Every structure is written in C-alpha cells, then in structure tokens.
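Here's the letter readout for the chains.
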Amino acid sequence: MDEVKQIAADIKSRKLKPIYFLMGEEPYYIDKLSDFIEDNVLTEEERGFNQMVLYGRDVSIDDIVGNAKRFPMMAEYQVIIVKEAQDLSRNIEKLVDYAKQPQPSTILVFNYKYKTIDKRKSLYKTLNKMGVVYESKKLYENQVADWIRRVLSPKDYSISPKASQMLVEFLGTDLSKINNELEKLQIILPKDTQISPEHIEENIGISKDFNNFELRKAIGDGDVKKAHQIINYFAENPKDNPMVVTVSLLFNFFSQLLYFHGLNDKSPRNVASALKINPYFVNEYITAARNFPMKKVSSVVGTLRDFDVKSKGVGANAVSQGDLLKELLVRIMR
C-alpha cells in the first residue's frame, strides 16, 4: 500500500514516467493505479484527443508501439492504457526496443494481471530503469485484516477483529470483493462507526453465529453442542458453506495449533507474532491448546487431510457433504 501511495503521489506532483508496467497476482492495486493515471494525468478537455484504452487480446505490441510514438494534440502528454495486457505475454519481450527509447510525451500503462514478467530478462531491467514496474502481490490471509483496517482508517471508520475475520473467511483474500462490501457499508453507516459482526450480518448476509470462525472457536473451546449446531446449519445451507472451505480453514487452524505447541515462549505477544495472527485471537489458541494436546492435534491434522480428499468427491461419492461434516466433527471432538 505504501508503494502505491508513493507512485500516486509522484503522479499527482507531475513526476511522470513514460511507462508504467503494473503486474502481479492481485488485480486490486493494478486497477487502482491505472484508474488514478486515467483520471489525473490529463485534464477532461485533453482526454478526448489524447487518452486511449487498448485491450491486449485485440492488439499487438507493434500496434501499441505505433500509437505510443504519436505526438499529443494540444497537450503535453498522451495517455495509452493497455488493459488485459497479460494476453500479450507470448510476445511481451518485443516491447524492449521501445522501452529503451520511449516517447517522452507518451504515458504508456500496462495492466498485466495475474502474471509477472521474468525479472532476469532485458525487458524487466529496461522497464525498471526507464519507467515504473509495480508488482501487486497477493496478500496472505493473515495480512488481510490489517489491510481492511488501513483502508477504513482514513475514511473515519474502524472494524472489530471478529468482523474483519468474518469478511476474510467469507470473501477470502480477494481485495476487490472485500473493498466493494466495505464501500457498501460506508454508504449505509455514518462516519466514526466501528463496523461490527452485527453490521456484517445485517448488510452483507454473513451469519455472525453460524460461520467458520464460530465453528473454529467452538471446537477450540470444546463446545460440542455449539459446534454441532453450526455443522447442522452448514448441512442445511451447503451452497453458502462449502465443505472444502470449512476443511481448509480447520486445517490451517490445527496446523497453527501444532506450531503453538512447539513454541518455547507462549507469551501473547510472541504467539501473535509467531502465528501471524491478531493479538485479539491469541486466547482462543491458548484455550484450544488446553483442549487439544499435541498428540491429539497431530491426529486431527491427519483426519482433516483425509476429509479434504473426501470433500472433493474422492472415495465419498454417495455421501452428502453435510453427512461428511458431521462425521468429521465427531472424529475431531471424540
């Protein structure tokens, strides 16, 4: 996020580069930077003649270079944005000759999503020297809650740790989807609101009581009754609660619990740092470790591996996912 802010600040202060190559697995910031360039380099009057959007599937590198070598009309710059540039991946190295001597009055932007170019090759080195290369990396699940907090803070909103966790578990690490939901909440809720699990449930439709986060907590607490209630809810609503997601999240939890058992220093600060979790959730791991000794945790991890295969239809074709989940819970809690 800091690198994105710096690139945007440079553009705003007219410290422009002739090429911006935006690449990587996470499309959210690629789109944000591309849109920022589209909105801030030229005035509204200049855009009609000097701003062009091309699509990688429809053009060649030669087409792009031909357009880039033109001069702007009644403006200092022209802006060319190549969207879905990853469709040019087979021939992208042909851009290197232009990158060595780019047209100084052209701002050429590549949106190269879900891929990266080879950093050992001439194109990357040349682009890095003559322009800006930004790699948008996918966030790990344990980084997304902090990202949510940082996105909300300048807009005068905050969010509870549990509400953040609900969004991450429901939407995964897709920043665009999460941001869309956050923007909806900002329209509905007044500023200075702390977004709560109740807000998430009422406005996004994620149950605050029957979700993977609460299932994990119930299992860690040894609360068999509540865990069964949640599993029964999942069995009745399989489309909204796919078993493969539940098994994956439980596997991550018990893998972390195994790591927790191996820590010499089990102070809350060290546990949060070692497991890369919000300090708010440390007590859940401490409680779960009491209920699941290391030997039991190892057994559960093995069980989850078996059920991961079954959840994908291997060796359990005639068994519903609801029944598999119920069997899994019995095996974990016994």
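Placed above this text is the structure.
Residues numbered from 1 in each chain as written. Predicted model: local features only at pLDDT ≥ 70, side-chain atom pairs only at ≥ 80, totals over all residues. Heavy atoms only, no water.

This next bit is on a nonpolar patch on the surface. A cluster of nonpolar side chains, namely Phe49, Met73 and Met74, defines an oily patch on the protein surface of about 400 Å² accessible area. Along the chain, Met73 turns up in the loop between α4 (61–68) and β3 (78–83). (Patch = residues over 30% accessible without salt bridge, like charges linked within 9 Å, V, L, I, M, F, W, Y side chains within 5 Å. Areas by Shrake-Rupley, 256 points an atom, 1.4 Å probe, with all protein chains shown as cover. Salt bridge = Lys/Arg side-chain N within 4 Å of Asp/Glu carboxyl O. Helix = DSSP H or I, 4+ residues; strand = E, 2+ residues; numbered from the N terminus.)

Applying the stated criterion across every chain, the model contains 11 aromatic pairs. Judged by centre distance (5.5 Å) and plane angle (75 degrees), the rings of Phe213 and Phe281 are edge-to-face. Residue Phe213 is located in helix α11 (residues 212–221), and its partner Phe281 is located in the loop between α14 (268–275) and α15 (282–291); the two are separated by 68 residues in the primary sequence. Both residues of the pair, Phe213 and Phe281, count as buried. Measuring from ring centre to ring centre gives 5.1 Å for Tyr280 and Phe281, while their planes differ by 90 degrees; the resulting arrangement is edge-to-face. Under the relative-accessibility criterion, Phe281 is labelled buried at 6%. Against the face of Phe281 rests Arg216, its NZ or CZ located 5.9 Å from the ring centre. The aromatic ring of Phe307 is capped on one face by Lys310, whose charged end is 4.7 Å from the ring centroid. (Phe/Tyr/Trp six-rings, centres within 6.5 Å; stacked < 30°, edge-to-face > 60°. Buried < 20%, exposed > 50% of the residue type's maximum accessible area, 1.4 Å probe, protein only. Lys NZ or Arg CZ within 6 Å of the ring centre and 35° of its normal.)

Here we take up the environment of Tyr134. Here Tyr134 shows up in strand β5 (residues 132–135). When the C-alpha positions of Tyr134 and Leu22 are compared, they lie 4.9 Å apart, and in sequence the two are 112 residues distant. Apart from the residues lying within four places of it in its own chain, the contact partners of Tyr134 are Glu3, Val4, Ile7, Phe21, Leu22, Met23, Tyr29 and Leu33. (Contact = heavy atoms within 4.5 Å.)

Pairing between side chains of opposite charge can happen when the charged atoms of each approach one another. Applying the stated criterion across every chain yields a total of 13 salt bridges. Of the charged contacts, one joins Asp31 and Lys113 as a salt bridge, the two residues approaching to 2.8 Å between their closest N and O atoms. Of the two residues, Asp31 is situated in helix α2 (residues 27–40) and Lys113 in strand β4 (residues 106–113); the sequence distance between them amounts to 82 residues. Look at Lys113 and you get buried, because its relative accessible area is 10%. Among the charged side chains, a network of salt bridges with common partners joins Lys162, Glu214 and Lys226.

We now examine the pairing of β3. Taking burial as the measure, the 6 residues of β3 include 5 buried ones, the bulk of the element. Bridge analysis of strand β2 (residues 51–55) against β3 gives 5 bridges, and the strand direction is parallel. Within β3, the residue paired with Leu54 across the bridge is Val82. For the crossover from β2 across α4 to β3, the handedness is right-handed. Of the pairings in the sheet, the one linking β3 to β4 comprises 5 bridges and is parallel in character. Paired with Val82 across the strands is Phe110, a residue of β4. (Pairing = 2+ DSSP bridges. Right-handed = clockwise from strand over helix to strand, strands pointing away.)

It is worth spelling out helix α13 (residues 243–261) at this point. Given a rise of 1.5 Å per residue, 19 residues ought to cover 27 Å, and the 27 Å separating the end C-alpha atoms of α13 matches this to within 8%. Those residues of α13 that fall on the buried side of the exposure criterion are Met243, Thr246, Val247, Leu249, Leu250, Phe253, Phe254, Leu257, Phe260 and His261. The arc enclosing the buried residues of α13, seen along the axis, measures out at 165 degrees, which places them on a common side. (Expected span 1.5 Å × (residues − 1). Arc of directions from axis to C-beta.)

Where α13 contacts helix α17 (residues 321–333), the axes come no closer than 10 Å and their chain directions differ by 20 degrees. Regarding the angle of α13 to α17, the classification is roughly parallel. The handedness of the crossing between α13 and α17 is left-handed. Residues Met243, Thr246, Val247, Leu250 and Phe254 of α13 touch α17, and the partners they reach there are Gln321, Leu324, Leu325, Leu328 and Ile332. Looking at the contact of α13 with α17, its residues break down into 8 nonpolar, 2 polar and no charged. (Axes fitted to C-alpha atoms, helices over the stretch in contact; angles between N-to-C directions. Parallel < 35°, antiparallel > 145°, perpendicular 65-115°, else oblique. Left-handed = near helix turned anticlockwise from the far one by under 90°. Nonpolar A, V, L, I, M, F, W, Y, C, P; charged D, E, K, R; others polar.)

In space, the 5 strands of this open sheet follow the order β2-β3-β4-β1-β5, with parallel pairing throughout. Taken across any chain shown, the strands that pair with only one partner, and hence form the sheet edges, are β2 and β5. With strand direction ignored, the average angle separating the axes of adjacent strands in the sheet is 15 degrees. Along the sheet, helix α1 (residues 2–12) makes contact with β1 (19–24) and β5, crossing β5 at roughly 150 degrees. Its contacts with the sheet put α2 on β1, β2, β3, β4 and β5, and the angle it makes with β4 is roughly 160 degrees.

What follows is about the side chain of Ser136. Inspection of the secondary structure assignment puts Ser136 in the loop between β5 and α7 (141–152). Classification of Ser136 by relative accessible area gives buried; the value is 1%. Here the side chain of Ser136 touches Glu26 through a polar contact of 2.6 Å, landing on its backbone oxygen. (Polar contact = N/O pair within 3.5 Å; in protein donor to acceptor, adjacent residues only side chain to side chain.)

Structurally, Ile231 can be placed in helix α12 (residues 224–236). Residue Ile231 is classed as buried on the basis of its relative accessible area of 2%. Excluding residues within four positions of it along the chain, Ile231 makes contact with Leu215, Leu325, Lys326 and Leu329.

Just geometry here; none of it tells us what the structure is for.
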